[in-house]
Amino acid sequence: MKWLQIHITVEQAQVDYTETLLSSLGAVSVTLDDAENQDLLEPLPGETPLWNKVIVTGIYAQEEGEEIDVAALETFIGAQMPEAPIKYEFIEDQAWERTWMDAYEPIQIAEKYWIVPEWMQAPEADAVNIKLDPGLAFGTGNHASTFLCLQWLGKIDVKDKIVIDYGCGSGILAVAALLLGAKKAYATDIDPQAVLATQQNAELNGVLDKLYVGLPEEFRDELGTTKADVFVANILAAPLMMLAPEFATLIKSEGQFALAGVIEEQVADVTSIYSNYFDILDVEKRDEHWCRISGKRHKNE
């Protein structure tokens, strides 16, 4: 069997229509990819993250002896979307799951500290190895902001501590904290898929019994009066600034915190707000402009 891929480049507002059009024409799957190398992190509350310009790809199965009329497809799509660039290609049958899996490799965070895709053998069996299914939600360790948070967790003492992971995505930070010795981790995200991914990755790593994860309103009820010794939030600058007063209520006096998803140009604005509640001790940069801000909660507040 061969597969026909039709790629249509559209503006964000056209994505839903394009997906529906390709599906109605018999696509067995439709995928979305960034058309302009735009970094994308966690969404603002209530939003769904998507690039400004998107490549929408429809995949069509071509059985032996049953040729797809590519010209007719291209003509029809072009009539519906005359301004959208269209490209197509035929590719040979392959193990698609294996192709996706081959894109990932173990990532070393520090000495004896790795992220390992669940289907791969750990490079160091006696290290802290975070097993991860990268396909479930945001947070694989490949992005600079996630790496910076993982690195920070490995540097501080989390043993027997209570940890909060706010905007947990795949749950990688909560799972890492537990594998590094944390007593309990509380995680939350506005995306139900992230809640599921965090549960699954915690179970994969044998730490589900030490984890609570839920949507923000459920998380607050579960947390009650408990406060974090260690707090980490890998989201974006705007929600970080908006949530600063709330975060301050979640962290113990002199508790440690790290914020990521902030670019260099936003550091001054974020630290200006957080300095009302926290001592800012360090700003670490990775991959030219992504930054992690860390410090401690003001004493006795």
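Residues numbered from 1 in each chain as written. Predicted model: local features only at pLDDT ≥ 70, side-chain atom pairs only at ≥ 80, totals over all residues. Heavy atoms only, no water.

1. Considering the overall build of the protein chain
And then number 1: Looking only at helices and strands, the protein chain has nine helices and 14 strands in total.
And then number 2: Per-residue burial over the protein chain gives 46% buried out of 301 residues.
And then number 3: Across the protein chain, contacts joining residues at least 24 apart in sequence account for 66% of those joining residues at least 6 apart.
And then number 4: Summed over all atoms, the accessible surface of the protein chain reaches about 14,800 Å², with 48% contributed by carbon and sulfur. (Helix = DSSP H or I, 4+ residues; strand = E, 2+ residues; numbered from the N terminus. Buried < 20%, exposed > 50% of the residue type's maximum accessible area, 1.4 Å probe, protein only. Contact = heavy atoms within 4.5 Å. Areas by Shrake-Rupley, 256 points an atom, 1.4 Å probe, with all protein chains shown as cover.)

2. Focus on helix α9 (residues 267–274)
And then number 1: If you check which residues of α9 are buried, you get V267, V270, T271 and Y274. The buried side chains of α9 occupy one side of the element, clustering within an arc of 95° when seen end-on.
And then number 2: Buried residues belonging to α9 abut α8 (237–249), β12 (251–263), β13 (278–286) and β14 (290–297). (Arc of directions from axis to C-beta.)

3. Examining the sheet that holds strand β7 (residues 128–132)
And then number 1: The three strands are arranged β5-β6-β7 in an open sheet whose pairing can be described as mixed. In this open sheet, the two edge strands, each paired with only one partner strand, are β5 (107–110) and β7. Going across the sheet, the axis of each strand differs from the next one's by a mean of 25°, ignoring polarity.
And then number 2: As judged from the five bridges shared by strand β6 (residues 113–117) and β7, these two strands associate in the parallel manner. Bridge assignment links W114 to a residue of β7, and that residue is N129. (Pairing = 2+ DSSP bridges. Axes fitted to C-alpha atoms, helices over the stretch in contact; angles between N-to-C directions.)

4. Observations regarding the nonpolar core
What tends to happen in soluble globular proteins is that the nonpolar side chains get buried as a cluster.
And then number 1: Formed by 34 residues in total, the largest nonpolar core has its most connected members in I115, I130, L150, L153 and L211.
And then number 2: At seven residues, helix α5 (residues 172–179) tops the list of elements feeding residues into this core.
And then number 3: Counting residues in hydrophobic clusters, the runner-up holds 28 residues, among them F247, V262, F278 and C291. (Core = buried A, V, L, I, M, F, W, Y, C linked by side-chain atoms within 4.5 Å.)

5. Comments concerning the pairing of strand β3 (residues 53–62)
And then number 1: With seven of ten residues buried, β3 is to be regarded as a mostly interior element.
And then number 2: As paired strands, strand β1 (residues 2–11) and β3 are joined by ten bridges and run antiparallel to one another. Bridge pairing in β3 places Q5 opposite I59.
And then number 3: Taken together, the six bridges between strand β2 (residues 29–34) and β3 define a ladder with antiparallel strand orientation. Counted as the bridge partner of D33 is I55 from β3.

6. Brief notes about the environment of T226
And then number 1: Examined against the element boundaries, T226 turns out to sit in the loop between α7 (216–223) and β11 (228–234).
And then number 2: Assessed through its relative accessible area of 25%, T226 is described here as partly exposed.
And then number 3: Put simply, T226 and I162 are 64 residues apart on the chain and 8.8 Å apart in space, counted from C-alpha to C-alpha.

7. Overview of the packing of helix α1 (residues 15–24) against helix α2 (residues 70–80)
And then number 1: For the pair α1 and α2, interaxial distance at closest approach is 12 Å and the crossing angle is 150°. Here α2 runs roughly antiparallel to α1, going by the angle between their axes. Every pair of crossing elements has a handedness; the one defined by α1 and α2 is right-handed. On α2, the residues that touch Y17, L21 and L22 of α1 are F76, I77 and Q80.
And then number 2: Residue composition of the contact of α1 with α2, by class: five nonpolar, one polar and no charged. (Parallel < 35°, antiparallel > 145°, perpendicular 65-115°, else oblique. Left-handed = near helix turned anticlockwise from the far one by under 90°. Nonpolar A, V, L, I, M, F, W, Y, C, P; charged D, E, K, R; others polar.)

8. Section: the UniProt feature "binding site: S-adenosyl-L-methionine" (unreviewed entry) in the protein chain
And then number 1: Under the UniProt annotation, "binding site: S-adenosyl-L-methionine" (unreviewed entry) lies at T146, G167, D189 and N234.
And then number 2: Turning to its location among the elements, G167 is positioned in the loop between β8 (162–166) and α5.
And then number 3: Secondary-structure assignment places D189 in the loop between β9 (184–188) and α6 (192–204).
And then number 4: Within the structure, D189 has its side chain in polar contact with the backbone nitrogen of C168 (distance 3.2 Å). (UniProt positions renumbered as here; feature names shortened; annotations may be inferred. Polar contact = N/O pair within 3.5 Å; in protein donor to acceptor, adjacent residues only side chain to side chain.)

9. Let's talk about the pattern of salt bridges
And then number 1: For the coordinates displayed, the defined rule picks out seven salt bridges.
And then number 2: For K112, the salt bridge identified is with D126, shortest N-O distance 2.9 Å. Taken together, the positions of K112 in the loop between β5 and β6 and D126 in the loop between β6 and β7 put the pair 14 residues apart, joining distant regions of the chain.
And then number 3: What makes D126 exposed here is its relative accessible area of 60%.
And then number 4: Through salt bridges with shared partners, a single network forms among K112, E124 and D126. (Salt bridge = Lys/Arg side-chain N within 4 Å of Asp/Glu carboxyl O.)

10. Here's the deal with the packing of helix α4 (residues 144–155) against α5
And then number 1: One way to put it is that α4 packs onto α5 with a least axis distance of 10 Å and a crossing angle of 15°. As judged from the angle between their axes, α4 and α5 are roughly parallel. Both α4 and α5 take part in a crossing whose hand is right-handed. In this structure, α4 uses T146, C149, L150 and L153 to contact α5, whose residues at the interface are I172, L173, A176 and A177.
And then number 2: Broken down by class, the residue content of the contact of α4 with α5 amounts to seven nonpolar, one polar and no charged.

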